[in-house]
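The lines below spell out each chain.
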Amino acid sequence: MLDLYEKSKFIDTHSHIFREYYDNIDEVIKEAKKNNIDKIIISGCDLKSNIEIIDLIKKYDILYATLGFHPTELNDFNEDSIKWLEEHLKDDKVIGIGEIGLDYHYDNTDKQLQQDVFKMQIALAKKYKLPILVHSRDSIGDTYNILKDAGVKGDIHCFSSSVEMANEFIKLGFYIGIGGIVTFKNAKNIVEVVKNIDLNHILLETDAPYLTPEPYRKYKNESKYIPIIAKKISEIKNIDINDVARVTSNNAYRLFDKLRK
Ligand code: NI
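Report follows, based on the coordinates. All of these numbers come straight from a predicted model, not from anything done at the bench. (Residues numbered from 1 in each chain as written. Predicted model: local features only at pLDDT ≥ 70, side-chain atom pairs only at ≥ 80, totals over all residues. Heavy atoms only, no water.)

What about the side chain of S136?
Within the secondary structure layout, S136 lies in strand β5 (residues 132–137). Classification of S136 by relative accessible area gives buried; the value is 11%. Among the polar contacts listed, one links the side chain of S136 to the side chain of S139, at a separation of 3.1 Å. Of the polar contacts made by the side chain of S136, one reaches the side chain of T143; its length is 2.8 Å. Those residues within four positions of S136 in sequence are excluded, and the remaining contacts are L102, T143 and S160. (Helix = DSSP H or I, 4+ residues; strand = E, 2+ residues; numbered from the N terminus. Buried < 20%, exposed > 50% of the residue type's maximum accessible area, 1.4 Å probe, protein only. Polar contact = N/O pair within 3.5 Å; in protein donor to acceptor, adjacent residues only side chain to side chain. Contact = heavy atoms within 4.5 Å.)

Notes on the layout of surface pockets
For the largest pocket, the calculated volume is near 670 Å³. Going through the elements one at a time, α2 (47–59), β4 (94–103) and β5 are the ones with two or more residues in the lining of the largest pocket. Here the residues of the lining of the largest pocket sort into eight nonpolar, nine polar and ten charged. (1 Å grid on protein atoms, 1.4 Å probe; cavity = no way out; pocket = protein on both sides within 12 Å on 5 of 7 lines; lining within 4 Å. Points joined across faces, edges and corners; volume = space filled by probe spheres on them. Nonpolar A, V, L, I, M, F, W, Y, C, P; charged D, E, K, R; others polar.)

A closer look at the packing of helix α4 (residues 111–127) against helix α5 (residues 140–147)
Packing of α4 against α5 leaves a shortest axis separation of 11 Å and a crossing angle of 35°. When the axes of α4 and α5 are compared, the crossing they make is right-handed. Contacts between α4 and α5 pair Q115, F118, K119 and I122 from the former with D142, T143, I146 and L147 from the latter. Broken down by class, the residue content of the contact of α4 with α5 amounts to four nonpolar, two polar and two charged. (Axes fitted to C-alpha atoms, helices over the stretch in contact; angles between N-to-C directions. Left-handed = near helix turned anticlockwise from the far one by under 90°.)

Here we look at the coordination of the nickel ion
In the first shell of the nickel ion, the protein supplies H14 (NE2), H16 (NE2), E99 (OE) and D207 (OD), at 2.1 to 2.3 Å from the metal. For the nickel ion, the four donor atoms in the first shell make angles of 84 to 170° at the metal, so the coordination geometry reads as irregular. Positions of the donor residues of the nickel ion along the chain correspond to the pattern H-x1-H-x82-E-x107-D. Here H14, found in strand β1 (residues 10–15), pairs with E99, found in strand β4; they are 85 residues apart in sequence, far enough to count as distant. Residue H14 is classed as buried on the basis of its relative accessible area, which comes to 0%. (Donors = N, O, S within 2.8 Å, 3.2 Å for Na, K, Ca; no water. Tetrahedral: all angles 85-135°; square planar, octahedral: opposite > 155°, others 65-115°.)

Some thoughts on helix α3 (residues 79–88)
Taken as a whole, α3 has its buried residues at S81, I82, W84 and L85. Summarising the axial view, the buried residues of α3 lie within an arc of 160°, below the 170-degree limit, and thus occupy one face. Exposed residues on α3 whose side chains face more than 90 degrees from its buried face are E79 and E87. Contacts made by the buried residues of α3 are with α2, β3 (63–67), β4 and α4. Of the residues flanking the start of α3, the one acting as N-cap is N78, its side-chain oxygen 2.8 Å from the backbone nitrogen of D80. (Arc of directions from axis to C-beta.)

Encoded structure:
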């Protein structure tokens, strides 16, 4: 893949590169660098992954973190969780709060708890002037209603709604996270979103280990596949892949103040 993307420097703005999913993180990082991935943001989901992240960002220069509690991982969530989160937000390489949000996909979810925890974490983001990395599944209306007056900026990761909703979030100061789904055969909806919004509002992401782009779907996702996603965006928008790299990386630096060039 290297030749084609020789000049491009990419940022993977959302991933879960944890030991739970990868036997050899050294190799994942090495492969990412080989494929011109400049920075990788890893996002916490529960206390265990958040604690691991603190260790990983010390070990690997390329890794930066967002810490947070994911809406489907709230079984162990309690007051101490929020205290722990607040204590770790001042770390140099902790650049935002996430992955946070709402997920109504499963029938057994406690929507009230999800909304309360989402709002608590938004309040911290506001207090510490940090961007948020938002997960929204089957919940775009409630997500929008909570964010519209929240006074925070961020990224709607793995965006899966309409062009109209994308524009509403952009008006609030949010970026639209585009990942492997854009390469899938049934990705009509996301292709429309990419076509109709300005590149200045798009961030590249893998959500690794999930959502590997075509034609590598049988493998576990890794940051090294980011150029495949960028290539697809460059085809949809009929522009050079190096422009996709440059503009989306600048977008990441603009959103995440603590992500250093
Ligand atoms: Ni994720």
